[in-house]
Amino acid sequence: VQLVESGGGLVQTGGSLRLSCAASGFTFSNYGLSWYRQGPGKERELVATITGAGGSDNYKESVKGRFTISRDNAKNTVYLQMNSLKPEDTAVYYCSLFKSGRRYWGQGTQVTVSS
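All of these numbers come straight from a predicted model, not from anything done at the bench. (Residues numbered from 1 in each chain as written. Predicted model: local features only at pLDDT ≥ 70, side-chain atom pairs only at ≥ 80, totals over all residues. Heavy atoms only, no water.)

## Let's talk about the overall build of the chain
- Counting its regular elements, the chain contains 0 helices and 11 strands.
- Along its sequence from the N terminus, the chain presents helices and strands in the succession β-β-β-β-β-β-β-β-β-β-β.
- Oriented by its inertia axes, the alpha-carbon framework of the chain measures out at about 40 × 25 × 20 Å.
- Within the chain, the proportion of its 115 residues that are buried is 40%.
- For the chain, restricting intrachain contacts to residue pairs at least 6 apart in sequence, the fraction spanning at least 24 positions comes to 51%.
- Surface accessibility of the chain: about 5,900 Å² in total, with carbon and sulfur atoms responsible for 45%.
- A gap of 4 Å separates the mean positions of the 13 positive and 8 negative side-chain charges of the chain. (Helix = DSSP H or I, 4+ residues; strand = E, 2+ residues; numbered from the N terminus. Buried < 20%, exposed > 50% of the residue type's maximum accessible area, 1.4 Å probe, protein only. Contact = heavy atoms within 4.5 Å. Areas by Shrake-Rupley, 256 points an atom, 1.4 Å probe, with all protein chains shown as cover. Lys, Arg positive; Asp, Glu negative; His and termini not counted. Charge placed at Lys NZ, Arg CZ, Asp CG, Glu CD.)

Next up, the structure:
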């Protein structure tokens, strides 16, 4: 299993970013995927999850209405569209897969929101 995130960067408050996670090593469409984040001095937290077929998604309360998780099963890629970004969204964002009793992580991508 390999998960490779990209798309992070520095953005001003109110700005947008789209994160991507390219996946390989497993049958992509069979598995739900998640985005987590870990802010400075904070524990890692679940941000959003999407089912294998993409028909259902769930979000952390504080990002509802601002973030959208989606996937392209033809490209083996999951996305996180982040709008109306706030300084408290500053974190390293990780793509994650739970498969066969084990959680897999990408290397993370840094998102910094300046005030």
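## Description of the packing of aromatic side chains
- Under the definition given, this model contains 4 aromatic pairs.
- Measuring from centroid to centroid gives 5.8 Å for Phe26 and Tyr31, while their planes differ by 80°, and the two rings are edge-to-face.
- For Tyr31, a relative accessible area of 23% corresponds to the partly exposed category.
- Here the aromatic rings of Tyr36 and Trp105 are separated by 4.8 Å at their centres, their planes lie at 75°, and the arrangement is edge-to-face. (Phe/Tyr/Trp six-rings, centres within 6.5 Å; stacked < 30°, edge-to-face > 60°.)

## Thoughts on the side chain of Arg71
- Within the element layout of this structure, Arg71 appears in strand 7 (residues 67-72).
- Buried within the structure, Arg71 lacks any salt-bridge partner; Asp72 is the closest side chain of opposite charge, at an N-O distance of 8.3 Å.
- Side-chain polar atoms of Arg71 contact the backbone oxygen of Phe28, separated by 2.8 Å.
- Within the structure, the side chain of Arg71 is placed 2.8 Å from the backbone oxygen of Tyr31, a separation counted as a polar contact. (Salt bridge = Lys/Arg side-chain N within 4 Å of Asp/Glu carboxyl O. Polar contact = N/O pair within 3.5 Å; in protein donor to acceptor, adjacent residues only side chain to side chain.)

## A short note on the nonpolar core
- The biggest cluster of nonpolar side chains holds 27 residues, and the ones touching the most others in it are Trp35, Val78, Leu80, Met82 and Tyr93.
- Of all the secondary structure elements, the ones that give two or more residues to this core are strand 3 (17-24), strand 4 (33-38), strand 5 (45-50), strand 7, strand 8 (77-82), strand 9 (91-99) and strand 11 (109-114). (Core = buried A, V, L, I, M, F, W, Y, C linked by side-chain atoms within 4.5 Å.)

## Let's talk about the state of the cysteines
- Going through the model one piece at a time under the given rule, you end up with 1 disulfide.
- Residue pairing for Cys21: its cysteine sulfur links by disulfide to Cys95, the two sulfurs lying 2.2 Å apart. Disulfide Cys21-Cys95: torsion about the S-S bond near -80°, hence left-handed. Of this pair, Cys21 sits in strand 3 while Cys95 is found in strand 9, placing the two residues 74 residues apart along the sequence.
- The buried category is assigned to Cys95, whose relative accessible area is 0%. (Disulfide = S-S within 2.5 Å.)

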